Amino acid sequence: MFTRLEERIKVYAIFGDGMRVKPLGFVWAGRKYRIEKITYTWQTRRGRDLVQHFTVTDGANIWEICYNAGDMTWQITGVETEG
Amino acid sequence: MMERTIMHVDMNAFFASVEQQANPHLQGKPVMVCGDPTKRTTVATASYEARPFGVKAGMSLYEAQKRCPQGIFIQGNPDKYVYTSIKIVSIFTRFTPLVEVFSIDEAFLDLTGTERLFGSPIRIAQTIKQKIRRQFGLTCSIGVGPNKLIAKLASGMEKPDGLVVIKKEDVPQVLEELPVSELTGIGKKTEEALGRLGIKTCGQLGRFPEDILVRLFGVFGRNLHFMGLGIDNSPVLPYFYQEKTKSMGHTLTLQEDTKDIAVIKRHLLQLSEQVGRRLRAEKYQGRTVALTLRYSNFYTFTKRRTIERHIDDGYEIYRVALSILETVNLSGYAVRLVGVSVSNLIKNIRQLSLLEEVQKREKLLGALDQINDRYGEFKIMRATLLQRTNQAGVVSPSWRARNSTVP
């Protein structure tokens, strides 16, 4: 089951040319998660802001996180745990 | 005249494949993408693992659960599919500007004359497949033929991940024993009508006297004759050649059937405001407002009203839609779907009003649009719409990418 969330999180990421962003890990609810693989990415617009979405996995769980390039904030938007 | 080379690309179980790619736990499992699985909804796409159970697109969730109890139902994410579709279309346009986006997961490419630049159609097909797989992990079936009809037929011959080329000289042989229902454009009713004439295969259709087909089916009879022969001269139409927008509208299937007129009015206002936003964004105004209602027994009808001047204000659209609603006898009927559209459109023509009240209203609308453009849809709205329906729904199969920019 996929649970929708909308919470600000801290993310450590590599910023490359232009809009290239690669999240490496994040801190959520006091716990640190290392991103093993980005499984899918897509973009949307929130008003004028470009939002980059990532589906990521730490090996066991699947998460959806996003980066709002307008206000430079990260959010966790969903989580699905195995089983 | 140069022989045409048309390619048809069909993404395999598109929405379900995207979800399986995003979530590795779903790979190899029967996945069905639908609206909110806790509400009334239908299956938009079933993965290949779900298809042996008889689950098909358009099937109700209840029916799909009955057929495939172990199925995994995922609420679709239209933004993800639209973005992916736009990016895939941008891969196609590297090979030809003549790309006709047929739906969110299908496109035609006119590759006539591109061989010297990019190699044979087979090579282009392999490159496209490779790029889509590398970028998104998705597969597609590709058909190549001398026209759109044959290219689409070819793409449907090997699924998933197929590549079929039908050469012009092989068309009669391919069509000879092929059931007419395999051709795009021949539905169940036409198939039955042809069956009554003793026509079961495309070969028989091609040999059947054209004048009898025209007498029985009108203009479509002539098309049927050519379809039987595998002839299709229709061009690949990229969005910039397609017909001008004739109408703009939105529909909404309610989460539950309702007889509550206040609820219906609120949905009407929401839809009218959405239509108004789209009209203003693309600098259109319209004079005819149409209201569509579907009752719980699926009886659907549309009523229209044409007013004297062109409008693009959601509230004005709502008032016209409301005046239509007042002519409908709703007693005893629960409403399942509401739709509002505006037609009779003009573009880039705005009559400057001398009335101060109208000028104020236009300024207000402009300010509201600027705020919603900056911060997102429905960030500022009428208080009535605070209770609006915020269902993501599923992308309409008829959705077409117009360009390669992010939505």
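Conventions adopted
Counting from 1, residues in each chain are numbered in the order their sequence is written. In the order they appear in the text, chains get letters beginning with A and ligands get numbers beginning with 1. With pLDDT at 70 or above as the cut-off, local features in this predicted model cover only qualifying residues; side-chain atom pairs require 80 or more to be listed or tallied, and sums for whole chains, interfaces and linings still use all residues. The basis for every side-chain value is the complete set of heavy atoms in the structure, and neither hydrogens nor water enter the calculation. Contact definition: two residues touch when any of their heavy atoms are within 4.5 Å. As a working definition, buried area equals the accessible area (1.4 Å probe) given up by two parts on being put together, with both sides summed. Any carboxyl oxygen of Asp or Glu within 4 Å of a side-chain nitrogen of Lys or Arg constitutes a salt bridge here. Here a polar contact is recorded for every N or O atom pair within 3.5 Å, except that within protein the pair must consist of a potential hydrogen donor and a potential acceptor, and residues adjacent in sequence are included only if both atoms are side-chain atoms. Only DSSP runs of H or I with at least four residues qualify as helices, and only runs of E with at least two residues qualify as strands; both kinds are numbered from the N terminus onward. In this document the domain limits rely on a domain assignment from an automatic tool or a database. Asp, Glu, Lys and Arg are counted as charged, while Ala, Val, Leu, Ile, Met, Phe, Trp, Tyr, Cys and Pro are counted as nonpolar; the rest, among them Gly, fall into the polar class.

**Q** Please set out the interface of chain A and chain B residue by residue, giving values where relevant.
**A** The interface of chain A with chain B comprises 18 residues on the first partner and 20 residues on the second. For the chain A and chain B pair, buried surface summed over both sides reaches about 1600 Å², with 54% attributable to carbon and sulfur atoms. At the junction of chain A and chain B, the tally comes to two salt bridges. Measuring nitrogen to oxygen at the nearest pair gives 3.2 Å for the salt bridge that ties Arg-374 of chain B to Asp-49 of chain A. The interface formed by chain A and chain B contains seven residue pairs in polar contact (both at pLDDT 80 or more). The set of elements that each furnish at least two residues to the side of chain A that touches chain B consists of β5 (37-46), β6 (49-57) and β7 (62-68) of chain A. Element by element, the count of residues in the side of chain A that touches chain B is highest for β5 of chain A, at eight residues.

**Q** Requested: an account of the domain arrangement of chain B, with residues and values cited.
**A** Residue and element names in this part refer to chain B. The assigned domain composition of chain B is domain 1 (1-166), domain 2 (171-228) and domain 3 (247-387). In this structure, domain 1 and domain 2 have C-alpha centres spaced 27 Å apart. Contacts between domain 1 and domain 2 engage seven residues on the former and eight residues on the latter. Contact with domain 2 buries surface across domain 1, with Leu-149, Leu-153 and Ile-166 losing the most and accounting together for 65% of the total. At the junction of domain 1 and domain 2, the tally comes to zero salt bridges. In this assembly, domain 1 and domain 2 are joined by zero residue pairs in polar contact (both at pLDDT 80 or more). Broken down by class, the residue content of the side of domain 1 that touches domain 2 amounts to six nonpolar, no polar and one charged.

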